[in-house]
Amino acid sequence: MKTVLTYGTFDLLHHGHVRLLSRARALGDRLVVGVSTDAFNEGKGKRSLFPYEERAELVGALRWVDEVIPESTWDQKRQDILRLRADVLVMGDDWRGRFDDLSDLCEVVYLPRTPIVSTTSLKATLSEVSREQVDSLKRAVDALVQIVERIR
């Protein structure tokens, strides 16, 4: 049995994540996914919209994923590869070269990202929508204040 291991935050699960996990699973018989814990993300300067438990549940529900483990540190990858007897470590190509030192334990594969979609871009879009809504509400309140002032 060939075990594939990958890691990620998987916040705002989207089709880019699904495609990465599908392609990773195609490289072996079993896919184990390390989902970054909230504390680990905080240490990386990241903040997830959803807590670890919910992100892990969503990732674990995908048909390609056989097991989900918490990712708590950068250094655990080496121990996880040994403990899980992983044959392949898969990462997105935005990490190209970063984990080559693990190639003494297993094959390291960097898969291309899905074009156009990323959690960062989705969060930016949501942020813009929220600002537009706030601006719209401010205009409505200003108009309401003007109406109330006229009535007085």
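As a reminder, the structure under discussion sits directly above these lines.
Residues numbered from 1 in each chain as written. Predicted model: local features only at pLDDT ≥ 70, side-chain atom pairs only at ≥ 80, totals over all residues. Heavy atoms only, no water.

## Considering the side chain of Asn41
Piece 1. When you line up the elements, Asn41 lands in helix α2 (residues 38-43).
Piece 2. The class for Asn41 is buried, based on a relative accessible area of 1%. (Helix = DSSP H or I, 4+ residues; strand = E, 2+ residues; numbered from the N terminus. Buried < 20%, exposed > 50% of the residue type's maximum accessible area, 1.4 Å probe, protein only.)

## Structural notes on the sheet that holds strand β5 (residues 107-111)
The strands making up a sheet associate through backbone hydrogen bonding, with each pair oriented either parallel or antiparallel.
Piece 1. Taken together, the five strands give an open sheet; going across it, the order is β3-β2-β1-β4-β5, and neighbouring strands pair in parallel fashion. Here the strands that pair on one side only, and so sit at the sheet edges, are β3 (67-71) and β5. With strand direction ignored, the average angle separating the axes of adjacent strands in the sheet is 25 degrees.
Piece 2. Relative to strand β4 (residues 88-92), strand β1 (residues 3-8) runs parallel, the two sharing three bridges. Among the inter-strand pairings, Leu5 is bridged to a residue of β4, identified as Leu89.
Piece 3. Of the strands in this sheet, β1, β2 (30-36), β4 and β5 are in contact with helix α1 (residues 15-25), which crosses β2 at around 140 degrees.
Piece 4. The sheet contacts of helix α4 (residues 76-84) involve β1, β2, β3 and β4, and relative to β3 the element is tilted by about 150 degrees. (Pairing = 2+ DSSP bridges. Axes fitted to C-alpha atoms, helices over the stretch in contact; angles between N-to-C directions. Contact = heavy atoms within 4.5 Å.)

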